[in-house]
Amino acid sequence: MRRNQVAVVGAAETTELGVIPNMSQIQLHADAALNAIADAGLKLSDIDGIATAVETPQQIAHYLGITPTWVDGTSVGGCSFMLHVRHAAAAIEAGLCKTVLITHAESGKSMIGKQPRSTPPDSLNGQFESPFGVYGPPSMFPIPVLRYMKTHGITHEQLAMVAVVQREWAAKNPRATMKAPITVDDVLNSRMIAYPFRILQCCLVTDGGGALILTSADRAKDFPNKPVYVLGTGESVETPMVSQMKSFDSSCAFKVAGPLAFKEAGIAHKDVDHLMIYDAFAHLPLYGLGDLGFMAHEEAGKFIAEGNTRPGGKLPLNTNGGGLSYMHSGMYGMYALQESVRQMRGIAPAQVPGAKISVCHGVGGMFAASGTIIFTNER
Amino acid sequence: MAEPARAKPKPTPETQHFWDGTRAGELRLQRCDACANVYFPPRPFCPACASREVSVLKASGKGKLYSYVINHRPAAPGFTPPYAIAVVELDEGPRMMSNIVDCPQTPEALELDMKLEIAFEKLDDAITLPLFRPSKG
């Protein structure tokens, strides 16, 4: 894809984040969508493309009263929205539609109008993982960690520092769920969930949603907000079974999606002012730093522990507080994208001064899928 | 009321040979006749070269501990926490999820790369699970 041909012109989260017991999941989609449409100064009838995950495009189109000419129901977990941005940019460039609405919402805490996730006993996961006691992401996503630590020489203290540093960012964010400062000792003494991870190294469980509106860069200058251009994109998938990853030392899907986006953007790692790496659990930023090529995996734990990603550090990472401290409704990728857009607009609560390039990297499932979007505010 | 039972696999035509194997006390993998790739989970073609000419082989049942978590909460039905969910690297190459029995479920006892051997656990007349225990040899 060509660089900077498509821009984000509308971006918003649900009016509330956290515990929202008065809205069903589809209404959370609508709340985010209406906020994004208002942010872009558009009418619902201006939308001719719809992308969403878990819910289907037809559910969202019907609920909002839109009859689109392009839809994308890619649903590969929490990074689905990165893939939607990539697909929408291609569709807009190809002339399949002009103005795309991407929505996410999840009643992850209140569980209103949300289908429970289930694993059929005759699926491969149901036959070869479920019988061994996996039960939700905390029991699955950390399975690679001990091997990763051994291979790369990562310590428990370094993995605790991921949570500590992100709490420092969250403290600057009025909408963050958890703001009180924490220490490495707090993390290492918090309740055990799935060794080696304790509760402060696991994502929050909240309600919320978000929506983005994309259009061609040529039209973007006529919108009320500063356009945020799509500079580079990448995507991939590996396996729905965490036990069947090619290696626990890195993620194949990360290693495809990240470099694709950097190549398309035509930038080097030193050009990156702001970075989001989907942190469902504390090891993910380390995998991301390594697999996206910022540094060797061996350096990633030390890099975070030494404060390079904290406020004022040389590589600001997960500046909204991340899934660990900001919010995590179940498919957090949309909130990472929202923070990248805020940083590129210059309106983030913990704004990185003068940031011009933001890399936003997502994961889906347990390393099952990946999507990377690189944004810029300069064309 | 009976205790909730652990999730039970339901074989498909492509995986039946595996579950017939565990019931007979064998860990069965597949090998590609064309490129010799040994692979898991079961499917009637080679995921490396796409050949449909594949054979079932009886694996040694030996392997080593590749990685694990010790799950505390929430516990799956039929499990008493804390319990380890492990990934075992078989001597033949493929890895599979399993549990480690006859071993304390602690970081001290569960050492990465420790040698393991198969320990079949019968759930019912149809399903026997492939679990592992620390190798005696």
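Residues numbered from 1 in each chain as written. Chains lettered and ligands numbered in written order. Predicted model: local features only at pLDDT ≥ 70, side-chain atom pairs only at ≥ 80, totals over all residues.

A.B. asks: Just to check I follow, could you spell out the overall build of chain A for this structure?
C.D. replies: When helices and strands are tallied, chain A shows 14 helices and 11 strands. For 379 residues, the compact-globule formula gives about 21 Å, and the C-alpha radius of gyration of chain A, at 19 Å, lands near that figure. A principal-axis box enclosing the C-alpha atoms of chain A has dimensions of 55 × 45 × 35 Å. Counting only residues that meet the buried cut, chain A has 61% of its 379 residues in that class. In chain A, of all internal contacts separated by at least 6 residues, the share reaching a separation of at least 24 is 76%. (Helix = DSSP H or I, 4+ residues; strand = E, 2+ residues; numbered from the N terminus. Rg over C-alpha atoms; globule rule 2.2 N^0.38 Å. Buried ≥ 20, exposed ≤ 12 C-beta atoms within 10 Å, placed from the backbone. Contact = placed C-beta atoms within 7 Å.)

A.B. asks: Is there a simple way to explain the interface of chain A and chain B in this structure?
C.D. replies: Many structure descriptions define interface size as the accessible area lost when the parts assemble. The interface is formed by 27 residues belonging to chain A together with 31 residues belonging to chain B. Elements supplying a minimum of two residues to the side of chain A that touches chain B: α4 (124–128), α6 (145–152) and β5 (192–195) of chain A. Residues of the side of chain A that touches chain B, tallied by class, amount to 16 nonpolar, 7 polar and 4 charged. Examined bridge by bridge, β5 of chain A and strand β4 (residues 62–71) of chain B share 2 bridges and lie antiparallel to one another. (Nonpolar A, V, L, I, M, F, W, Y, C, P; charged D, E, K, R; others polar. Pairing = 2+ DSSP bridges.)

A.B. asks: Explain the sheet that holds strand β11 (residues 369–376) of chain A here, please?
C.D. replies: Strand pairing in a sheet relies on backbone hydrogen bonds. The paired strands run either parallel or antiparallel. Residues and elements named next belong to chain A. Strand order in this open sheet of 9 strands is β3-β2-β4-β7-β1-β8-β11-β10-β9, and the pairing throughout is mixed. Strand pairing shows two members of the sheet lacking a second neighbour, β3 (70–72) and β9 (274–277), which therefore form its edges. Going from strand to strand, the sheet's axes swing by 20° on average, the running direction of each strand aside. As paired elements, strand β1 (residues 6–13) and strand β7 (residues 207–216) share 7 bridges and run antiparallel to each other. Among the inter-strand pairings, Gly10 is bridged to a residue of β7, identified as Ile213. Along the sheet, helix α14 (residues 333–345) contacts β1, β4 (100–107), β7, β8 (228–237), β9, β10 (357–364) and β11; its crossing angle with β10, the most-contacted strand, is approximately 180°. (Axes fitted to C-alpha atoms, helices over the stretch in contact; angles between N-to-C directions.)

A.B. asks: Mind showing me how you'd approach the pairing of β10 of chain A here?
C.D. replies: Taken residue by residue, a regular strand's side chains alternate between the two faces of the sheet. Residues and elements named next belong to chain A. A large share of β10 lies buried, amounting to 8 of its 8 residues. Here β10 shows no split at all, with Ile357, Val359, His361 and Val363 on one side and Ser358, Cys360, Gly362 and Gly364 on the other all buried. As defined by bridge partners, β9 adjoins β10 across 4 bridges and the pair is classed as parallel. Bridge assignment links Met276 to a residue of β10, and that residue is Cys360. Direction of pairing for β10 relative to β11: antiparallel, over a ladder of 8 bridges. Following the sheet pairing, Ile357 is matched in β11 by Thr376. Counting the residues that bridge the hairpin from β10 to β11 gives 4 residues, and of these Gly365 lies at a positive phi of roughly 60°.

A.B. asks: How should I be thinking about the nonpolar core in this particular structure?
C.D. replies: As a rule of thumb, nonpolar side chains are buried together in soluble globular proteins. Within the largest apolar cluster, 156 residues are counted, with the highest numbers of intra-cluster contacts made by Ala36, Val85 and Leu214 of chain A together with Tyr68 of chain B. A per-element tally of this core places helix α7 (residues 156–170) of chain A first, with 9 residues. In contact with Tyr68 of chain B, other than residues within four places in its own chain, are Ile143 and Leu146 of chain A together with Ala84, Ile85, Ala86, Val87 and Leu110 of chain B. (Core = buried A, V, L, I, M, F, W, Y, C linked by C-beta atoms within 7 Å.)

A.B. asks: Got a minute to help me understand α14 of chain A in this structure?
C.D. replies: Side chains of residues three or four places apart in an α-helix project in the same direction, reflecting 3.6 residues per turn. All names here are of chain A. With 13 residues, α14 extends 19 Å between its outermost C-alpha atoms, agreeing within 8% with the 18 Å of an ideal straight helix rising 1.5 Å per residue. Looking at α14, one finds that the buried residues are Gly333, Met334, Tyr335, Ala336, Leu337, Gln338, Glu339, Ser340, Val341, Arg342, Gln343 and Met344. Just past α14, the residue Gly346 takes up positive phi, approximately 85°. (Expected span 1.5 Å × (residues − 1).)

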